[in-house]
Amino acid sequence: MIGVIGAGAFGTALAVTLAKKGHEVRLWARNSDHIAEMARTRRNESRLPGISLPETVTVTPNSDDLNGASVILLSLPMQALGAFLAAQGRNLDSPWLVACCKGIDLKTLTGPVELIRLTRPACGAAILTGPSFAADIARGLPTALTLAGGDEALQILLSTPTLRLYRSDDTTGAELGGAMKNVVAIAAGIVIGAGLGDSARAALMTRGYAEMLRLALALGARAETLAGLSGLGDLVLTCTSAQSRNFRFGQALGSGQGFDPLVTVEGLATARAVAAVARQRQIDMPITAMIAALVENQITLPEAIQALMSRPLKQE
Ligand SMILES: NC(=O)C1=CN([C@@H]2O[C@H](COP(=O)(O)OP(=O)(O)OC[C@H]3O[C@@H](n4cnc5c(N)ncnc54)[C@H](OP(=O)(O)O)[C@@H]3O)[C@@H](O)[C@H]2O)C=CC1
Ligand SMILES: O=C(CO)COP(=O)(O)O
């Protein structure tokens, strides 16, 4: 049996693809009305529309029902993970706890793997991350992700005929790549929304990648991890697709439109967290600093664009 914490888009998509492979899956959700609706309709229409839940997926409000799972996937938004682990993490009984979220925790300035390790040092802690929209996974379109921190048996267990996992031991690099690409995706959305053009977006993605790499190397990650699926791969996907919520949020900001505050936009809190880490380490991250300042209403959009364009000329 495989356990999934969080019946959002990603948790549900993982549950569907793993159930289709033949696993029994128990999916934890917090809201009883939501659970009743999923049980009645066999769909998660509010989070992952148009996808049927296989019969072998059971939805439960009780995280104890996941105990004994071969692996428990934690698919909550990053800023909700710490509180969930503090409240229920010590009761989770499985050899592997795998983070399926992207971001840096604002409270501790650490990634999800570190939060898991601190709560359950006796369990294996890993992260599943990379370029994949939940809807694509659930529809059975080909996708490839990085599993960092897991062993070969876990890699085989979680791979499906349409979801191909590559293994890595660089958990720091995998979590930082997945976290920081969302910040750059917001900036890319702003560029497109403000009508600055595709050339400006390409420049921003390249300079965004340069600052992602700078911080990651300073924190002990490997360059090849950042160049892989969990870094560059996800940066490319998220900065170029309107399926991305981070990109769409930026686009709305850049074009002066509103955005539904209930939609999960991981890059917002992560921009502030990464900017704080960069300040502590004295690492230059101008794009992240700009997004953090925008999010905190310290600068306006025209000021942010002007500030980036007027930086001193330097070597690439
Ligand atoms: N969607 C995607 O395509 C992908 C998402 N991810 C990552 O997966 C993670 C989850 O995102 P996603 O599934 O899209 O998010 P969604 O917005 O679709 O769903 C969020 C889920 O988390 C639950 N939740 C929110 N806050 C809390 C809380 N405080 N305690 C318990 N549960 C909570 C929500 O419950 P409720 O419904 O009751 O509000 C909901 O089930 C993110 O880090 C994201 O970056 C990774 C790859 C792809
Ligand atoms: O991480 C994702 C794709 O890999 C999903 O991106 P968004 O959270 O921006 O929708």
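What counts, and at which threshold
- Residues numbered from 1 in each chain as written.
- Chains lettered and ligands numbered in written order.
- Predicted model: local features only at pLDDT ≥ 70, side-chain atom pairs only at ≥ 80, totals over all residues.
- Axes fitted to C-alpha atoms, helices over the stretch in contact; angles between N-to-C directions.
- Helix = DSSP H or I, 4+ residues; strand = E, 2+ residues; numbered from the N terminus.
- Parallel < 35°, antiparallel > 145°, perpendicular 65-115°, else oblique.
- Left-handed = near helix turned anticlockwise from the far one by under 90°.
- Contact = placed C-beta atoms within 7 Å.
- Nonpolar A, V, L, I, M, F, W, Y, C, P; charged D, E, K, R; others polar.
- Pairing = 2+ DSSP bridges.
- Near = placed C-beta within 6 Å.
- Domains from an automatic or database assignment.
- UniProt positions renumbered as here; feature names shortened; annotations may be inferred.
- Buried ≥ 20, exposed ≤ 12 C-beta atoms within 10 Å, placed from the backbone.

Draft legend 1. Representation of the packing of helix 13 (residues 286–295) against helix 14 (residues 301–309). Taken N-terminus to C-terminus, the directions of helix 13 and helix 14 make an angle of 165°; their axes are 10 Å apart at the nearest point. Taken together, helix 13 and helix 14 sit at an angle that is classed as roughly antiparallel. As helix 13 packs across helix 14, the resulting crossing turns out to be right-handed. Taking contact as the criterion, the partners of Pro286, Met290, Ala293 and Leu294 in helix 13 are, on helix 14, Leu301, Ala304, Ala307 and Leu308. Here the residues of the contact of helix 13 with helix 14 sort into 8 nonpolar, no polar and no charged.

Draft legend 2. Region of the structure containing the sheet that holds strand 2 (residues 25–28). Pairing is mixed in the open sheet, where 8 strands are placed in the order 5-2-1-6-7-8-9-10. Single-partner strands in this sheet number two, and they are strand 5 (57–60) and strand 10 (163–168). When the angles between neighbouring strand axes are averaged without regard to direction, this sheet yields 25°. As defined by bridge partners, strand 6 (residues 71–74) adjoins strand 7 (residues 96–99) across 3 bridges and the pair is classed as parallel. Across the sheet, Ile72 pairs through a bridge with Leu97, a residue of strand 7.

Draft legend 3. View of the site of ligand 2. Taken together, 13 residues lie near ligand 2, and Pro131, Asp234, Ser244, Arg245 and Asn246 sit nearest. When contributions to the shell around ligand 2 are tallied by element, the ones reaching two or more residues are helix 7 (171–193), helix 10 (229–240) and helix 11 (245–254). In terms of residue count, the dominant contributor to the shell around ligand 2 is helix 10 (3 residues). In the shell around ligand 2, the residues fall into 4 nonpolar, 5 polar and 4 charged. A domain-level breakdown of the shell around ligand 2 finds at least three residues from each of domain 1 (2–169) and domain 2 (172–309).

Draft legend 4. Region of interest: the site of ligand 1. Lining the immediate surroundings of ligand 1 are 27 residues, of which Gly8, Phe10, Ala80, Cys101 and Thr264 lie closest. Among the elements of the structure, helix 1 (9–21) and helix 3 (78–88) are those that each provide at least two residues to the shell around ligand 1. If you tally residues by element for the shell around ligand 1, the top one is helix 3, at 4 residues. Its residues assigned to classes, the shell around ligand 1 shows 14 nonpolar, 9 polar and 4 charged.

Draft legend 5. A look at the UniProt feature "binding site: substrate" (unreviewed entry) in the chain. Per the UniProt record, "binding site: substrate" (unreviewed entry) is found at Lys102, Arg245 and Asn246. In three dimensions, the annotated residues from a span of 145 residues occupy one location, with a maximal C-alpha spread of 12.8 Å. The topology assignment puts Lys102 in the loop between strand 7 and helix 4 (112–119). Lys102 gets classed as buried once you count the C-beta atoms within 10 Å, which come to 29. If near-sequence neighbours (up to four positions away) are discounted, Lys102 is found in contact with Met78, Thr129, Gly178, Ala179, Asn182 and Glu266. Inspection of the secondary structure assignment puts Arg245 in helix 11. When residues no more than four places from it in sequence are discounted, the contact partners of Arg245 are Val263, Thr264 and Val265.

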